[in-house]
Amino acid sequence: MPLIELSGIQRRFLLGDTTVNALAGLNLQIEAGEYVAVMGPSGSGKSTLLNLLGLLDRPNEGTYKLEGRDVTTLSPDEQATVRSTRIGFVFQSFHLVPRLTAAENIALPMTLAGIPAAERNKRVAQALKDFGLENRADHKPDQLSGGQRQRVAIARATIMQPALILADEPTGNLDRHTGEEVVNLLEALNAKGVTLIVVTHDQGMGARARRQLVMEDGRLKADSRTANISNLAEISG
Amino acid sequence: MRLADTLRFARDAATGYPMRTTLSVLAMSIGVAAVVILTALGDGARRYVVGQFSSLGTNLIIVLPGRSGTGGFNPANAITSTPRDLTIDDAGSLRRLPGVRRVAPLAVGTSEINYGGKLREVMVAGSTAEFIPIRNFEIAQGQGLPEEDWNRGSSVAVIGAKIREEMFGNTPAIGQLVRVGDRRLRIVGVLKSTGQGLGLNTDELVIVPVSLAQAMFNSNTLFRIMIEANSRDAIPGTKDQVMETLKQRHRGEEDVTVITQDAVLATFDKLLGALTLAVAGIAAISLAVAGILVMNVMLVAVTQRTGEIGLLKALGATSRTIRLAFLAEAAMLSAVGALVGYLLGQLGAFALRQFFPVFPAYPPDWAVIAGLSTALATGLIFGVMPARRAARLDPVQALMKH
Ligand SMILES: Nc1ncnc2c1ncn2[C@@H]1O[C@H](COP(=O)(O)OP(=O)(O)O)[C@@H](O)[C@H]1O
Ligand SMILES: [Mg+2]
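Predicted model only: the values in this text are computed from it and were never measured.

### A short note on the sheet that holds strand 7 (residues 164-168) of chain A
All names here are of chain A.
Turning to step 1, where the next piece is worked out: On the basis of which strands lie adjacent, the open sheet formed by six strands has the order 6-7-8-3-9-10 and mixed pairing. The open sheet has two free edges, formed respectively by strand 6 (87-90) and strand 10 (219-223), since each of these has just one partner strand. Pairwise comparison of adjacent strand axes, ignoring direction, gives a mean angle of 20° for this sheet.
Turning to step 2, where the next piece is worked out: Here helix 6 (residues 176-191) sits on the sheet and contacts strand 3 (35-39), strand 7 and strand 8 (195-199); the angle it forms with strand 8, its principal contact strand, is near 150°.

### Re helix 1 (residues 46-53) of chain A
Residues and elements named next belong to chain A.
Turning to step 1, where the next piece is worked out: The buried fraction of helix 1 is high, at seven of eight residues.
Turning to step 2, where the next piece is worked out: Listing the buried residues of helix 1 in full gives Lys46, Thr48, Leu49, Leu50, Asn51, Leu52 and Leu53.
Turning to step 3, where the next piece is worked out: Where helix 1 ends, the next residue or the one after it, Leu55, has phi of about 60°, a positive value.

### Notes on the side chain of Thr202(B)
All names here are of chain B.
Turning to step 1, where the next piece is worked out: Take Thr202: it is sitting in the loop between strand 7 (183-191) and strand 8 (205-209).
Turning to step 2, where the next piece is worked out: Among the residues examined, Thr202 registers a relative accessible area of 2% and is labelled buried.
Turning to step 3, where the next piece is worked out: Not counting the four nearest positions on each side in its chain, Thr202 is found in contact with Phe137, Gly160, Ala161, Leu191, Lys192 and Thr194.

### Concerning unusual backbone geometry
Turning to step 1, where the next piece is worked out: Residue Glu169(A) is not a glycine yet carries a positive backbone phi of 45°.
Turning to step 2, where the next piece is worked out: The buried category is assigned to Glu169(A), whose relative accessible area is 17%.
Turning to step 3, where the next piece is worked out: Although it is not a glycine, Arg251(B) adopts a positive phi angle of roughly 55°.
Turning to step 4, where the next piece is worked out: Along the chain, Arg251(B) falls in the loop between helix 7 (234-249) and strand 10 (256-260).

### Focus on the pattern of salt bridges
Residue and element names in this part refer to chain B.
Turning to step 1, where the next piece is worked out: Within the structure shown, the criterion is met by 32 salt bridges over all chains.
Turning to step 2, where the next piece is worked out: For Asp5, the salt bridge is made with Arg8, and the minimal N-O distance between the two is 3.6 Å. Of this pair, Asp5 and Arg8 both sit in helix 1 (residues 3-16), three residues apart, roughly one helical turn.
Turning to step 3, where the next piece is worked out: Judged by relative accessible area, Asp5 falls into the buried class, the value being 5%.
Turning to step 4, where the next piece is worked out: Taking the relative accessible area as the measure of exposure, Arg8 reaches 38% and is therefore partly exposed.
Turning to step 5, where the next piece is worked out: For Glu204, the salt bridge goes to Arg120, with nearest N and O atoms at 2.6 Å. Highlighted residues: Glu204 in the loop between strand 7 and strand 8 and Arg120 in strand 3 (residues 118-127), separated in sequence by 84 residues.

### Examining the site of ligand 1
Turning to step 1, where the next piece is worked out: In the vicinity of ligand 1 lie 13 residues, with Gly43(A), Lys46(A), Ser47(A), Thr48(A) and Gln397(B) positioned nearest.
Turning to step 2, where the next piece is worked out: Separating an oxygen atom of ligand 1 from a backbone N or O atom of Gly45(A) is a distance of 3.1 Å.
Turning to step 3, where the next piece is worked out: The separation between an oxygen atom of ligand 1 and a polar side-chain atom of Thr48(A) is 2.5 Å.
Turning to step 4, where the next piece is worked out: Going through the elements one at a time, strand 1 (4-15), strand 2 (18-30) and helix 1 of chain A are the ones with two or more residues in the shell around ligand 1.
Turning to step 5, where the next piece is worked out: The leading source of residues in the shell around ligand 1 is helix 1 of chain A, at three residues.
Turning to step 6, where the next piece is worked out: Each residue belonging to the shell around ligand 1 can be placed in one class, and the counts come to five nonpolar, seven polar and one charged.

### A closer look at the nonpolar core
Turning to step 1, where the next piece is worked out: Judged by nonpolar contacts, the single largest core of 67 residues is most densely connected at Ile4(A), Leu6(A) and Ile197(A).
Turning to step 2, where the next piece is worked out: By residue number, the principal contributor to this core is helix 8 (residues 261-304) of chain B, which donates seven residues.
Turning to step 3, where the next piece is worked out: Apart from the residues lying within four places of it in its own chain, the contact partners of Ile4(A) are Leu28(A), Gln29(A), Ile30(A), Leu53(A), Tyr64(A), Lys65(A), Leu66(A), Leu164(A) and Ile197(A).

### Focus: the packing of helix 10 (residues 319-355) of chain B against helix 11 (residues 365-392) of chain B
All names here are of chain B.
Turning to step 1, where the next piece is worked out: In contact at an axis separation of 8 Å, helix 10 and helix 11 are set at 150° when each is read in the N-to-C sense. As judged from the angle between their axes, helix 10 and helix 11 are roughly antiparallel. As for the relative orientation of helix 10 and helix 11, their crossing is right-handed in sense. Where helix 10 abuts helix 11, its residues Ser319, Ile322, Arg323, Phe326, Leu327, Ala330, Ala331, Ser334, Ala335, Ala338 and Tyr342 lie against Val368, Leu372, Ala375, Leu376, Gly379, Leu380, Gly383, Val384, Ala387, Arg388, Ala390 and Ala391.
Turning to step 2, where the next piece is worked out: Split into classes, the residues belonging to the contact of helix 10 with helix 11 amount to 17 nonpolar, four polar and two charged.

### Side note on a nonpolar patch on the surface
Residue and element names in this part refer to chain B.
Turning to step 1, where the next piece is worked out: Side chains of Val336, Val340, Leu344 and Leu347 sit close together on the surface and give an oily, nonpolar patch of about 330 Å² of accessible area.
Turning to step 2, where the next piece is worked out: Take Leu344: it is sitting in helix 10.
Turning to step 3, where the next piece is worked out: Owing to a relative accessible area of 42%, Leu344 belongs among the partly exposed residues under this scheme.

### As for the side chain of Thr48(A)
Residue and element names in this part refer to chain A.
Turning to step 1, where the next piece is worked out: Looking at the element boundaries, Thr48 is found in helix 1.
Turning to step 2, where the next piece is worked out: On the basis of relative accessible area, Thr48 is assigned to the buried category, the value being 12%.
Turning to step 3, where the next piece is worked out: In this structure, Thr48 is in contact with Arg11, Phe13, Ala22, Leu23 and Asp57, ignoring residues within four places of it in sequence.

### Details of a positive patch on the surface
Residues and elements named next belong to chain B.
Turning to step 1, where the next piece is worked out: Together, Arg320, Arg323, Arg388, Arg389 and Arg392 give the surface a local cluster of positive charge.
Turning to step 2, where the next piece is worked out: Going through the elements one at a time, helix 10 and helix 11 are the ones with two or more residues in the positive patch.
Turning to step 3, where the next piece is worked out: Ranked by the residues each element gives to the positive patch, the list is headed by helix 11, at three residues.
Turning to step 4, where the next piece is worked out: With respect to the secondary-structure elements, Arg392 resides in helix 11.

### Topic: the pairing of strand 4 (residues 61-66) of chain A
Residues and elements named next belong to chain A.
Turning to step 1, where the next piece is worked out: With five bridges connecting them, strand 1 and strand 4 associate as antiparallel partners. What sits directly across from Ile4, in strand 4, is Leu66.
Turning to step 2, where the next piece is worked out: Bridge count between strand 4 and strand 5 (residues 69-70): two bridges; the pairing is antiparallel. Bridged to Leu66 within strand 5 is Arg69.
Turning to step 3, where the next piece is worked out: Between strand 4 and strand 5, which pair antiparallel and follow one another directly, the connecting turn spans two residues, one of which, Glu67, has a positive phi of 50°.

### As for the domain arrangement of chain B
Turning to step 1, where the next piece is worked out: When the domains of chain B are assigned, the result is domain 1 (3-53 + 266-401) and domain 2 (105-226).
Turning to step 2, where the next piece is worked out: Taking only C-alpha atoms into account, the centre of domain 1 of chain B sits 57 Å from that of domain 2 of chain B.

The rules we used
- Residues numbered from 1 in each chain as written.
- Chains lettered and ligands numbered in written order.
- Predicted model: local features only at pLDDT ≥ 70, side-chain atom pairs only at ≥ 80, totals over all residues.
- Heavy atoms only, no water.
- Pairing = 2+ DSSP bridges.
- Helix = DSSP H or I, 4+ residues; strand = E, 2+ residues; numbered from the N terminus.
- Axes fitted to C-alpha atoms, helices over the stretch in contact; angles between N-to-C directions.
- Contact = heavy atoms within 4.5 Å.
- Buried < 20%, exposed > 50% of the residue type's maximum accessible area, 1.4 Å probe, protein only.
- Salt bridge = Lys/Arg side-chain N within 4 Å of Asp/Glu carboxyl O.
- Near = heavy atom within 4 Å.
- Polar contact = N/O pair within 3.5 Å; in protein donor to acceptor, adjacent residues only side chain to side chain.
- Nonpolar A, V, L, I, M, F, W, Y, C, P; charged D, E, K, R; others polar.
- Core = buried A, V, L, I, M, F, W, Y, C linked by side-chain atoms within 4.5 Å.
- Parallel < 35°, antiparallel > 145°, perpendicular 65-115°, else oblique.
- Left-handed = near helix turned anticlockwise from the far one by under 90°.
- Patch = residues over 30% accessible without salt bridge, like charges linked within 9 Å, V, L, I, M, F, W, Y side chains within 5 Å.
- Areas by Shrake-Rupley, 256 points an atom, 1.4 Å probe, with all protein chains shown as cover.
- Lys, Arg positive; Asp, Glu negative; His and termini not counted.
- Charge placed at Lys NZ, Arg CZ, Asp CG, Glu CD.
- Domains from an automatic or database assignment.

Shown next as structure tokens:
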């Protein structure tokens, strides 16, 4: 059973009186533990796909099965529970809560899930250590560097031990070196068995993934699992 | 999310935006402070008047000579000419009525008191031994008037505190002979100082036996008959009996007025109570205004924190969690505002009492409770809409606003 199974996914947006097909007839299977890079030009539907996979958005048509269960028909609160327990997000702009400390930001998913403070503190302490943030626990996001912020965000995404991590251009706001570090962290998580899906513009980063998806106009233009992508740079434009 | 976490989250969010938080707390606190101070004023006025009336005595029934048109309390009765004298014997006849505990006839006039060459004008009240307990006066030194035949008063006097002070200074007053008008009277008692009240100012009063006063003023009539009923419940029945008895004694004519302090008191109480309520109502409007402000502040908060709400959703927050977080924040703003307002109001009432010590400007409990709960309720009610708006935000749209 694949972790993710999309079939016939349509996602349309109304922009004025024109309809944009952000996702058009998408079929896709991703196995548990995979490391997938989603590439393609701007506006090709990468973010829309990721939002859909993260249950932040619903398709207009088609079904999405997560761990064998049709999640498109779930109620918003059931979807929230799935997000809480199974999915971790990493955003390009970090999305940390500015008034909370690094430790509190990392703990936030557990706080929202109602996990007791003792358990939270234990797990946060471990995460701070794992991500090299021990000395930054009480810093507010504006006292952290970009790389530290993204590490906090990744720590937050993994704190509920999700099966799936969705990262939308996680290195987009970072310099090359810091971006490299962040990718290493994500890959280490994948190595421990977490399914990793990364949207990226960076050819080099995309090439590091074990599977590449290239999107164009809401469709899957190429999938390295079904076709050998010999020239990634050319295809992903 | 756990309750403690929700509260902490809401608190951090509120303190994270000090400007708007201060603003809404301020609005709410002004509203609550207004309720507390205005009701303290209103209820203070009520208490002041009620207190003044109560100081006249408890379960009091008062007989005035002359008939009042309406049968109610009419100050004009005090000065109208009397068709028939109200006599000491009239008063004496009331002592045997079943609902009556005490009766005191009262004749009043002004005279001069003279001791050791010092002379001053005084108010003279002619009454009996029971006058002092009926009126709740207290004896500071010596004793009250003696129990004796009402028609044969001995030559004694009880004097007010100020008179004692002025006439005797530091020397003992009890047992001294003073001249009041053309009589020589022995001082048997001194009243405790009470200060100025609604009734007589006892500090400048000389109390003498009623027959003596009548002889002094060369009159047969009484100014009042004071009756103390056995209990509050006995007042109406006793009032009727008094009226009936005096009517019989006056050849079937209702030529006296019987008033109960209760009736007067109840009227004032009701009137001033209504006033306080009206004032509280007006102050409550400011609470509603504060509630609307809290709503606006929370709506701004939802707009300001749209990105954060999107994030919370992405991190698995249910709409309920988000609703509760924003509701808790609104409740916190109004709760803190209410608390600050309560303290400000109590401070204001305290200041009022300092400046006007005779005026018991205490906010009534009902007003404090109503004010605080209205503040909390408006905060919550006006917090619902912003909270629901936050909970309904589309996560993808919300996340893009960062
Ligand atoms: N909320 C929206 N409303 C209207 N159009 C949208 C919305 N979100 C995405 N789109 C459109 O859908 C298409 C795909 O967008 P997106 O998934 O963000 O692309 P990418 O992430 O690959 O750059 C774009 O044409 C974009 O304009
Ligand atoms: Mg995008």
